Amino acid sequence: MEKNGEKVANPAAKGRETSEFLMAIVRTLSTSADFQQREKEKARIEKTFTESDKKLGELVSENYQDLTQITQDFSTISKSVNEAREKIKKIKDDLSSCKTLLHCKRDELRRLWIEGVEQKTMVAMLDQIEQIKEVPTKLDNLLLKKHYLHGTELVVNAVAKLENQLVGVEALRDLKAELITRKEQLHEVLIEELNRQIYIKSQTPNFSSLPGKKGGSVAKQDTLKRKERNGVPPPEKIEFGKEVKEDLNSDPEDDPTHFIAILVESLYMLRKIPEAAEGLKVRIQPELSAIVARTSQLLLESTSNQVDASNQSQCLLDLLENIFHQFRFVAHMHKMVLRNLDRIIVSGVPVRQECLYDMTDVWSKIQAVVELLLREYLDVENTSASRQRAPTSFDEPSTDINSFFAKKRPAKPKKMALFRFDASIHAISTNSYVDDSRAFDTGDLFSSSLLAEMGLEKNQMVCKPSVYNITAIFRPLESFIREIEDAIACQDGTSSLQAFVTDFVQNIFLGHVHYTVSTSITSATKVDEEDESFDALRHVVDHKTQKELGVNRPLLTSTVTVDKNLQELRELMQDLPDYADQFLNMICNTLKEYRDTCHSAYREIVQYDSDERRVISAMWAKDEDISRFLRSLPSWRSLQSSRGQELASEDVCSEEEIKALNSKEAQILISNLTSSDGLIQQEIITDVTQMRTIANVHESLEWFFNRMKDFSNGLSARSTATAAETAASEYPPVSEKTLGSLKNLVKDFQDLAEICLLLLHLEVRVHCFYFLLPVAKQSNYAGPIDDLDPDSNVLKLNKDLTSMEEVLQQSLQPKKFKYIFESLGFLVASILMNSIQYMKKINENGIKKMCRNLFAIQQNLTNITMSRESDLDHARQYYELLYINPDDVITMIAEKGCQYTFQEYTELVKLHHRSHPALSPSQLEQRMQKLKEVIFKTPNGEHTP
């Protein structure tokens, strides 16, 4: 043997070795014949014995206590063995006696054994009965704590025992009926709990964006939403291969995913999977509608039922966002339920396919409920009956503005209202009260059938139904629709909810917007529906509106109304980016209509008879050559620089160049307006209020043009826009063709605004011709009496200029007002100096009268322009030369140089000869020849023609 790597001697083998050793010694001693040999062997053995005895004594001494303990233990064991032998012997004797006795009483023993088995069975049955009697109480406790898996197992096992082991116990008949009933009803409890977990549990709306919310409630709702978000893992991470177990020491609702698995497993134990699937399927739409009603009520409570016009859209947006959040959670929970049902079906449970449902059914019901909700809040029932279809395209090419000056049919005379009370304080306050009282009166607006289907009541609507509610909810709605389409993978790429939204926007909303905009603009540009004429250019906004718009001059009410409507359309382009082209088409159509309105009104102002002959200034403003020349003048270019366009260095003119250009302008006007055979008759605007109207039109259209220009510059064409431009742009990309049409229309408004300003510039100058030409042609300047008053036409001109100053100063900006009256003194001086040719004769009284005319005009123009009109001094000095003899004038030219042109000196000499009949024609020819020689030999040749 080996123990721990060492050899251990076997006791039996050791004994044999010892015996063999002794036998070898005996044989050696007995067979040895030599005595010495025996003695020697004997001595060796004795020595060995002595050593062994000594060693044994030492060992005994060293292990005395162990040896003593072994001896005592051996005695005890030996005693116990002997006692056991005696007891065994006694037991054998007793067993032998029992065997003999049992053989004698075998039947009695069998009877007693049977009775024992029966007693044991009865005790077990009583225990089961006691347990069964406690089942209802235990079941109630388990259901109260929502430990449905243990409760289901308990009732199923109890009913199984009552129908098998305890089937014959009549005392349990009532209990059996109760448990069977409760088992049949338990699946309804489980289905109800499943629905509660899907639709109610953790569905806490958050209305933090609304005013009037308390911080504590918002924080609580945020906490609940975080708990909901963190407590429910996505269905993709659920491990369905693991066995479903229930922990009685924890709250089952702490883990919704596991709790749903427990509920489905419990239904499987009850063999109610088909009924559960059917129950969940039929409850989808009613429960979704209940979520809508519940969320609406909570929203109204959170705002204390104080929903006004300012936050109605925000209320609806908040309502939809919370409903979408809850619907996503519902779909999430249904997905977990369906995965658990799939796990059960895979395990081999037979279920009819028609009893089941899938996520397509869930999303379909969600779309149906959202569509019903949108039908209510978008007022589809009331608007679909009177649909107004919007124009679908705007392909008008660039329009020539000159076409609007072509001959038109005579317009009917306007029916001017004497006065109106629309803007009175009483009317404004009354209308405001009526609007406020009707702002949220939804009593008869809603369809009762749809409300009942949604589970809503009239007082649960969070805002007034309106087609314009789509603007606040379009973006989140489209985002939710994309989620649905991604979830159900639509075959045709479009969900039913998307089809509804598209149909609503295209067939209802766009038409309604177009109708509303058209009605608003029509009411702003028409006086009376029965009157074909319009008053678009008459009314201006009040000072409050001017301040709100940030302008310092009156604007037309029609222009502000059009701009307001176009601003709404621009906002709709941002709110509904998918329909930007349609709204841009409406903007273009509106601009076209208003452009036509402005041109028609403009034509009515500038025409003066039934043949639609226009005033001179209108014809000249339209004339390409005159218009181009006027636009090239420095005064016009300075106006462009005031609008943000800086003048180039080469465009800056010196004083001499400006004077030369003004002279050229005066010459053009004089050459066109002065003739010897007639005067200006009806070719001017005599009503000064029309001048104010034209000024208002200019300011309004220029303001409108700048706003529309900024808008058009902010747009980008879809075909050329880059991703970076699209992201940076305020508006979505649009059709390139429509964008081009918009820019052409904006240019038309700019052209009309500039034409109005040119017309005013020219009209003031035509008025000067109208009043000053008769001064020379019709007045007498050779009278015997000195008339101390200026000519009546001069007084009329001053009065006319003062009237125009009053209206234009209020309607035009200072720079434009300056442009209208700038260089007017030079023109007046040129007209009166040029008119000398029409005077038959003149004396000193006539010269004084003409100087008074010039001085009166100079004073008036100085008050208007706030600068001394030195050109009129120049003209007065010209007429004062008539006091001097022509020969002296020629001598003065020779000495001091030319102050006037050769033509002006010529007319001066001619008038002197006409005024002195005694002078012969030969003298006139001599003086003219001398004048020519002096002027053309004068160093100041720049004054010669």
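As the structure is a computational prediction, the values presented were derived from the model and not from experiment.

Explain the overall build of the chain to me, and be specific about the residues and the numbers.
Summing up its helical and strand segments, the chain has 36 helices and two strands in all. With 945 residues in all, the chain has 43% of them scored as buried. Within the chain, counting contacts between residues at least 6 apart in sequence, those at least 24 apart form 79% of the total. Of the roughly 51900 Å² of accessible surface on the chain, a fraction of 51% belongs to carbon and sulfur atoms.

Give a description of the pattern of salt bridges that names residues and reports values.
Summed over all chains, the structure comprises 28 salt bridges. A salt bridge links K146 to E253; its shortest N-O distance comes to 3.3 Å. Pair noted here: K146 is in the loop between α5 (135-144) and α6 (148-163) and E253 is in the loop between α8 (215-231) and α9 (256-269), with a separation of 107 residues, a long-range link. On the basis of relative accessible area, E253 is assigned to the buried category, the value being 15%. The partner of R328 in a salt bridge is E483, with the nearest N and O atoms 2.7 Å apart. On the criterion of sequence distance, the pair formed by R328 in helix α12 (residues 312-346) and E483 in helix α17 (residues 470-488) is long-range, its members being 155 residues apart. Bridged by salt links that share partners, the residues K146, E193, R196 and E253 form one connected network.

Describe the packing of α9 against α12, listing the residues and the values that go with them.
In contact at an axis separation of 10 Å, α9 and α12 are set at 40° when each is read in the N-to-C sense. If you check the angle between α9 and α12, you find them oblique. Classified by chirality, the crossing of α12 by α9 is right-handed. Residues P256, T257, I260, A261, V264, E265 and Y268 of α9 lie in contact with α12, whose contacting residues are M333, M336, V337, N340, L341, R343 and I344. Here the contact of α9 with α12 is built from residues that sort into 10 nonpolar, two polar and two charged.

Mind laying out the packing of aromatic side chains, listing which residues take part and the relevant values?
One pass over the full model with this rule turns up 18 aromatic pairs. Taking the centre distance of 5.0 Å and the plane angle of 85° together, the rings of Y770 and F771 count as edge-to-face. For Y770, a relative accessible area of 27% gives the class partly exposed. Among the residues examined, F771 registers a relative accessible area of 11% and is labelled buried. On the numbers, 5.8 Å between centres and 80° between planes, the contact of Y900 with Y905 is edge-to-face. Using a relative accessible area of 4% as the deciding quantity, one classes Y900 as buried. Ring-pair connections join several aromatic residues into one group, and the members of that group are Y468, F504, F509 and F583. R570 extends its terminal NZ or CZ atom over the ring of F711, reaching a point 5.3 Å from the ring centre. Above the ring of Y781, the side-chain terminus of K849 is found at 5.4 Å from the ring centroid.

Could you give an account of the side chain of S915, naming the residues involved and the relevant values?
Relative to the helices and strands, S915 is located in helix α35 (residues 902-915). A distance of 2.8 Å separates the side chain of S915 from the backbone oxygen of L911, its partner in a polar contact. Not counting residues within four places of it along the chain, the set of residues in contact with S915 comprises K841 and I842.

Account for unusual backbone geometry, naming residues and giving values.
Positive phi, close to 60°, is recorded for R271, a residue that is not glycine. One non-glycine residue with positive phi stands out, namely D379, at about 55°. Residue position: D379 is located in the loop between α13 (359-377) and α14 (380-383).

Procedures and definitions
- Residues numbered from 1 in each chain as written.
- Predicted model: local features only at pLDDT ≥ 70, side-chain atom pairs only at ≥ 80, totals over all residues.
- Heavy atoms only, no water.
- Helix = DSSP H or I, 4+ residues; strand = E, 2+ residues; numbered from the N terminus.
- Buried < 20%, exposed > 50% of the residue type's maximum accessible area, 1.4 Å probe, protein only.
- Contact = heavy atoms within 4.5 Å.
- Areas by Shrake-Rupley, 256 points an atom, 1.4 Å probe, with all protein chains shown as cover.
- Salt bridge = Lys/Arg side-chain N within 4 Å of Asp/Glu carboxyl O.
- Axes fitted to C-alpha atoms, helices over the stretch in contact; angles between N-to-C directions.
- Parallel < 35°, antiparallel > 145°, perpendicular 65-115°, else oblique.
- Left-handed = near helix turned anticlockwise from the far one by under 90°.
- Nonpolar A, V, L, I, M, F, W, Y, C, P; charged D, E, K, R; others polar.
- Phe/Tyr/Trp six-rings, centres within 6.5 Å; stacked < 30°, edge-to-face > 60°.
- Lys NZ or Arg CZ within 6 Å of the ring centre and 35° of its normal.
- Polar contact = N/O pair within 3.5 Å; in protein donor to acceptor, adjacent residues only side chain to side chain.

Take it as geometry only, folks, not as evidence of what the structure does.
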